[in-house]
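# Examination of the molecular architecture
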Amino acid sequence: MMADSGSNEEVAVIGNTDITSTESESNIINTMVERETALLRKMEINVAEAEKRTGKNTVNMQETYTVYLIEIRKAHKQSQRPAETVPGVGAPAAPDTLWRRYSDFELLRTFLLVTYPYIIIPPLPEKRAEFQWHKLSADNLDPDFVERRRVGLENFLLRVASHPVLSNDKIFFFFLTEEKGWREAVLETGFQDKADSRLKSLSAMFRVKNPDKRFTAMKQYSDELNTVISQLLRVRARVADRLYGVYKVHGNYGRVFSEWSAIEKEMGDGLQSAGHHMDTYAASIDDILEEEEHYADQLKEYLFYTDAVRSVCKKHDLIQYELEMAAQDLVSKKQQREELATGTVRVFSLKGMTSKLFGTESQEQRESRLAALEQSIQEGEEALKEKNTECQEFVQMAWEDIERFKEQKDKDLREALISYAIMQISMCKKGIQVWSNAKECFNKM
């Protein structure tokens, strides 16, 4: 899932991370499960830090924004496999570090969405705070929020770099290694011209006559998963907000015990010490809930993944619709050929009415039309064959990626929930320890 914000030595190592109760709950563990790729055997990828800057935007107005430092290092020798190389990609050239804005990540992801419509493209972390547990968390320039987004952007890059297809993309490699000219290189690909309009995709979804049941089921599953995770995050936000209030109220114990100790001679020291433990307990909730946000971000990643799954399903609907339209057009042309050859109109048509009103065609005109129809039918048959091949290839590649995604999702969500439970257990143990310390203070009075 999310990459450890403090790990620089193994940021590009992909594998299952075993979680035990002895883990330090303050560490955010990278639980990504994709298989290692040739790119990750060549380099380590790390979004090292975030920096706030001020400058003028495209409309010449002053704005404050955040940039992120991407570090690229050659992988350790022991993790390299010399026999394997990345097609068309050499060892990373200078610079080893470069800065990117969030909008650069957005452009990269949009390019990948258009270029690889059959792949479930990893999502970006949220641009603005959602499902925040406290109103103070809604500031997009809040250091804690920016830090979590930094971790999420690193996770996005590792997700792409660990994908067997996306990791070989040259534009992605340029994103990692070319600070200047990268945007121009993306736009020169013309990917924007290939993007399907939302209206076109929506029309296809409702007009497909023979939808693939597997994609229909997958689309329904992604909708239901989106609903479940949204509800889970909302519940967690409500619980966190109330828990924050409960912990902070404990600070009143500290104040009351301190005031009480001032009027007691023999019990004064014990009350003062107990009050100190209560103050510590009240203050601990800030770190607890900030850590909890990292686990919430892991769930959010799969909330956003559901949109990527739907995108693949919508693209299949569009290809299927175009296939059906090509088949329908070919049937119509063959029917026209039959009517023209026999001289009978089986279905009411404007052309049939025209021939009745203004007379029939000459033999030469009919033969000319027949020849044109034959040519059009041949072209239609070729177009149908191409569309059929395109649809079959899309289904095969998309389903391979969907199966891969399912395996990744099951492991990631399982480990995220286990980590969250471990963190809650740790929090409860710390609470018990505070009250045990307070009890000792009371015993000594």
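Nothing here was measured: the structure is a model prediction, and the numbers come from that model.

## Overview of helix H2 (residues 102–115)
Spanning 14 residues, H2 covers 20 Å between terminal C-alpha atoms, matching the ideal 20 Å at 1.5 Å per step. Within H2 the residues assigned to the buried category are Tyr102, Asp104, Phe105, Leu107, Leu108, Arg109, Phe111, Leu112 and Val114.

## Examining the nonpolar core
Core analysis: the largest hydrophobic core is formed by 63 residues, its most contacted members being Ile45, Ile70, Leu157, Leu176 and Phe215. With twelve residues, helix H10 (residues 268–342) is the single largest residue contributor to this core. When near neighbours in sequence (up to four residues on either side) are disregarded, Leu176 contacts Met43, Ile45, Ile70, Ile72, Leu98 and Leu157. By size, the runner-up hydrophobic cluster in this structure holds 17 residues, among which are Ala240, Tyr244, Met423 and Ala438.

## A short note on the confidence of the model for the protein
Summarising the model, the protein shows a mean pLDDT of 81, and 78% of its residues fall at 70 or more. pLDDT under 50 marks residues 1–34. Its contacts with residues more than four places away, or in other chains, come to 101 contacts. In the model, residues 77–85 has pLDDT below 50 throughout and makes nine contacts with residues more than four positions away in sequence or in other chains.

## Regarding the environment of Lys333
Structurally, Lys333 can be placed in helix H10. Separated by 44 residues in the primary sequence, Lys333 and Ile377 have C-alpha atoms spaced 6.4 Å apart. Not counting residues up to four positions away in its chain, the partners in contact with Lys333 are Leu373, Ser376 and Ile377. Polar side-chain contacts of Lys333 include one of 2.8 Å to the side chain of Ser376.

Parameters at a glance
Residues numbered from 1 in each chain as written. Predicted model: local features only at pLDDT ≥ 70, side-chain atom pairs only at ≥ 80, totals over all residues. Heavy atoms only, no water. Helix = DSSP H or I, 4+ residues; strand = E, 2+ residues; numbered from the N terminus. Expected span 1.5 Å × (residues − 1). Buried < 20%, exposed > 50% of the residue type's maximum accessible area, 1.4 Å probe, protein only. Core = buried A, V, L, I, M, F, W, Y, C linked by side-chain atoms within 4.5 Å. Contact = heavy atoms within 4.5 Å. pLDDT = per-residue confidence, 0-100. Polar contact = N/O pair within 3.5 Å; in protein donor to acceptor, adjacent residues only side chain to side chain.

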